[in-house]
Amino acid sequence: MFKALIMEKPEGAEEATPQIREISEEALPEGEVLVSVDYSTVNYKDGLCLSPSGGGLVRKYPHVPGIDFAGTVEASEDARFAPGDRVVLTGWRVGEVHWGGYAQKARVRADWLVPLPEGLSTRQAMAVGTAGFTAMLAVMALEDHGLSPDKGEVLVTGAAGGVGSVATAILGHLGYEVAAVTGRPETSDYLTDLGASRIVPRAELAETVRRPLESESWAGCVDAVGGEMLARVLGQMKYGGSVAAVGLAGGATLPTSVIPFLLRGVNLLGIDSVMQPFENRQRAWARVARDLPMAKLEEMIRSAVLEDLPRLGADILKGRVQGRVVVDLKG
Ligand SMILES: NC(=O)c1ccc[n+]([C@@H]2O[C@H](COP(=O)([O-])OP(=O)(O)OC[C@H]3O[C@@H](n4cnc5c(N)ncnc54)[C@H](OP(=O)(O)O)[C@@H]3O)[C@@H](O)[C@H]2O)c1
């Protein structure tokens, strides 16, 4: 028997509620690989899956949320994995449609797993988690579109959140001047420690401007916020600059015009972490191990256990979580 956080919604109930239960391996869904989960984490999507409505992501109850986890292979019917291998899983709708990482064991498809790169522990992998992995994908996409430190300042929006914190640390480490946008002035020291060269108050970018173009400020942008802020940033990009659109913490609609694309050759790059092909996942995890300073990662971590998750899920939906939460499932 092992411990799991299960969202339960009995027949006729309007809302799902979280319960910590002891369950057996037989209860786990089908899959080729059984993983002993060491750590999971809390992402925005986890907040949705932990909410009474399931946020439109959870289709079937009872459900084990947790969109990512890192652990050790216990048994495998697939030749690519053997007992003792250390693995990480993000995406593939695990924790939404398939049972996820908020349990001490998970059974999943071999195709969904990535072997952990040398030098990265399972705890560090979940300190990175989907948020940090996606931040790395965003930085890689910007580089693939020509961004380099000599091109100018890079903006990171939602900087004190998970995606933003990791993006700030990676970019700072790679030698970029990072302008970090935050609505929480109290996180200034934290962001500067991570690698931000200056703090941009959220209010500066929250105001809607009717002009489609403003002065050229940013060579690149990792955007976790979307909405009006993204629209505003597009008009502030330097000629030929790229924005990696990662999130929608500030809204899903994009009230913009095509002018920044037509007159400044601005690129809007979509970043999806869920369906990334295996090769790019491996490339991103290898880059994380190389380009994310582990001492900075340590500064972002807050530890938690299964029992903390309902509260943390509600917090992340309100934008109240700073940095990265690591959920310890070994206890
Ligand atoms: N594309 C993908 O595959 C992918 C993968 C992972 C995450 N995401 C998305 O990326 C976004 C960030 O994820 P996360 O894990 O970093 O979440 P998070 O830790 O909650 O960070 C989001 C940050 O955005 C800022 N923010 C929140 N509400 C805002 C608002 N109304 N207006 C402006 N800024 C606001 C806050 O930063 P400050 O306090 O610093 O202002 C907050 O910390 C989410 O929308 C998530 O769904 C997408």
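The structure displayed is predicted, hence computed values, not measured ones. For every chain, the first residue of its written sequence is number 1, and the numbers climb from 1 along that sequence. In view of the model being predicted, local features appear only for residues whose pLDDT reaches at least 70, and side-chain atom pairs are presented and counted only at 80 or more, with totals across whole chains, interfaces and linings using the full set of residues. With hydrogens and water stripped out, all remaining heavy atoms of the structure feed into the side-chain values.

By size, the foremost hydrophobic cluster in this structure holds 53 residues, and its most contacted members are Val 88, Leu 171, Leu 191, Val 222, Trp 285, Leu 292 and Met 300. Counting only elements with at least two residues in this core, the list comes to helix H2 (122-144), strand S8 (154-156), helix H3 (162-173), strand S9 (178-182), helix H4 (188-194), strand S11 (218-223), helix H8 (278-291) and helix H9 (294-300). Numbered from the N terminus, helices here are DSSP runs of H or I no shorter than four residues, and strands are runs of E no shorter than two. Per element, the largest residue contribution to this core is 14 residues, and it comes from H2. The source of the domain bounds is an automatic or database domain assignment. Shared between two domains, this core takes at least three residues from each, and those domains are domain 1 (2-116 + 300-328) and domain 2 (130-270). Counting 38 residues, the second-largest nonpolar core is a separate cluster that includes Phe 2, Ala 16, Ala 304 and Val 325. Only buried Ala, Val, Leu, Ile, Met, Phe, Trp, Tyr and Cys residues count toward a nonpolar core, and they belong to the same one when joined by side-chain atoms within 4.5 Å. Only protein chains enter the accessibility calculation, which uses a 1.4 Å probe; a residue is then buried when its area is under 20% of its type maximum, exposed when over 50%, and partly exposed in between.

To continue, consider the pattern of salt bridges. We define a salt bridge as a side-chain nitrogen of Lys or Arg found within 4 Å of a carboxyl oxygen belonging to Asp or Glu. With the rule as written, the count across this model stands at 20 salt bridges. Two residues, Glu 216 and Arg 264, come together in a salt bridge whose shortest N-O distance is 3.7 Å. In this pair, Glu 216 is assigned in the loop between helix H5 (202-206) and S11 and Arg 264 in helix H7 (residues 259-264), connecting sequence segments 48 residues apart. Overall, the relative accessible area of 42% leaves Glu 216 in the partly exposed class. Here Arg 264 falls in the buried class, since its relative accessible area comes to 10%. Between Arg 311 and Asp 308 there is a salt bridge, with the nearest N and O atoms lying 3.6 Å from each other. One continuous salt-bridge network, built from bridges that share partners, spans Asp 78, Arg 80, Arg 109 and Asp 111.

What follows covers the sheet that holds strand S13 (residues 267-270). Whether two strands pair comes down to DSSP finding at least two bridges between them. If you walk across this open sheet you meet the six strands as S10-S9-S8-S11-S12-S13, and the pairing is parallel. Edge strands, defined here as strands with exactly one partner in the open sheet, are strand S10 (198-201) and S13. Across the sheet, the mean angle separating the axes of adjacent strands is 20° when strand polarity is ignored. Where S9 and S10 come together, four bridges link them in parallel fashion. Its bridge partner lying in S10, Ala 180 is registered against Ile 199. Contacts from H3 reach S8, S9 and S11 within the one sheet, and its direction differs from that of S8 by about 155°. A fitted line through C-alpha atoms serves as each axis, taken over the contacting stretch for helices, and the angle formed by two N-to-C directions is quoted from 0 to 180°. Contacts were defined at the residue level, with two residues in contact if any of their heavy atoms lie within 4.5 Å.

Its place among the elements puts Met 126 in helix H2. Taking the relative accessible area as the measure of exposure, Met 126 reaches 0% and is therefore buried. Residues Met 126 and Arg 324, 198 residues apart in the sequence, show an inter-C-alpha distance of 8.5 Å. Aside from chain neighbours lying at most four places away, what touches Met 126 is Tyr 39, Ser 40, Thr 41, Asp 68, Phe 69, Ala 70, Val 88, Leu 89, Arg 324, Val 325 and Val 326.

Take H3 next. Each helix should span, by expectation, one fewer than its residue count multiplied by 1.5 Å. For H3, spanning 12 residues, the distance from its first C-alpha to its last is 17 Å, which sits close to the expected 16 Å at 1.5 Å a residue. Counting buried residues along H3, 10 of its 12 residues qualify, which places the element largely inside the surrounding structure. Backbone geometry just after H3 places Gly 175 at a positive phi near 95°.

For the rest of this paragraph, the subject is the domain arrangement of the protein. Entries for the protein in the domain assignment read domain 1 (2-116 + 300-328) and domain 2 (130-270). Using C-alpha coordinates to define each centre, domain 1 is positioned 30 Å away from domain 2. On the side of domain 2, 13 residues touch domain 1, which itself brings 11 residues to the contact. When the two sides are added together, the surface that domain 1 and domain 2 hide from each other amounts to roughly 950 Å², 56% of it contributed by carbon and sulfur. Linking domain 1 with domain 2 are zero salt bridges, by the criterion used here. What counts as buried area is the accessible surface, traced by a 1.4 Å probe, that two parts surrender upon association, with contributions from both included.

Another point: the packing of aromatic side chains. When we look at a pair of aromatic rings, we describe it by the centre distance and by the angle of the planes. When the centres of two rings from Phe, Tyr and Trp lie within 6.5 Å, Trp using its six-membered ring, the rings pair. Their planes under 30 degrees apart give stacked, over 60 give edge-to-face, and anything left gives tilted. Taken as a whole and judged by the stated rule, the model has one aromatic pair. Summarising the aromatic geometry, the rings of Phe 133 and Trp 285 are spaced 5.5 Å apart at their centres and angled 15° between planes, so their arrangement reads as stacked. Here Phe 133 is found in helix H2, whereas its partner Trp 285 is found in helix H8, with 152 residues between them in sequence. With respect to burial, Phe 133 and Trp 285 carry one shared label: buried.

Let's shift gears to the site of the ligand. Whether a residue is near a molecule or strand depends on its heavy atoms: it is near if one of them lies within 4 Å of it. As a structural note, the neighbourhood of the ligand is formed by 26 residues, with Val 163, Thr 182, Gly 183, Arg 184 and Ser 273 the closest of them. Measuring from an oxygen atom of the ligand, one finds a side-chain N or O atom of Arg 202 at 2.8 Å. In the environment of the ligand, a nitrogen atom lies 2.8 Å from a nitrogen or oxygen atom belonging to the backbone of Ile 271. Per-residue and other accessible areas were derived by the Shrake-Rupley procedure at a 1.4 Å probe size, with only the shown protein chains allowed to occlude residues. Across the complex, the protein chains shield 86% of the 910 Å² of accessible surface that the ligand would expose by itself. Going through the elements one at a time, H2, H3 and S9 are the ones with two or more residues in the shell around the ligand. No other element matches the three residues that H2 contributes to the shell around the ligand. Its residues assigned to classes, the shell around the ligand shows 13 nonpolar, 10 polar and three charged. For the purposes of these results, a polar contact is taken to be a pair of N or O atoms within 3.5 Å, where, inside protein, one atom must be able to donate a hydrogen and its partner to accept one; residues adjacent in sequence count only when each atom of the pair is a side-chain atom. Note that Gly is not counted as nonpolar here; it falls among the polar residues with everything else outside the nonpolar set of Ala, Val, Leu, Ile, Met, Phe, Trp, Tyr, Cys and Pro and the charged set of Asp, Glu, Lys and Arg.

What follows is about the packing of H2 against H3. With their axes 8 Å apart at the nearest point, H2 and H3 run at an angle of 50° to one another. Taken together, the axis directions place H2 and H3 in an arrangement best described as oblique. When you trace H2 past H3, the crossing you get is right-handed. Across the interface between the two elements, Ala 131, Gly 132, Ala 135, Met 136 and Val 139 from H2 touch Gly 162, Val 163, Val 166, Ala 167, Ile 170 and Leu 171 from H3. Of the residues in the contact of H2 with H3, the class split is nine nonpolar, two polar and no charged. Note that the term roughly parallel is reserved for angles under 35 degrees, roughly antiparallel for angles over 145, roughly perpendicular for angles of 65 to 115, and oblique for everything else. By convention the crossing between two helices is left-handed if the near helix lies anticlockwise of the far one by an angle smaller than a right angle, and right-handed if it lies clockwise.

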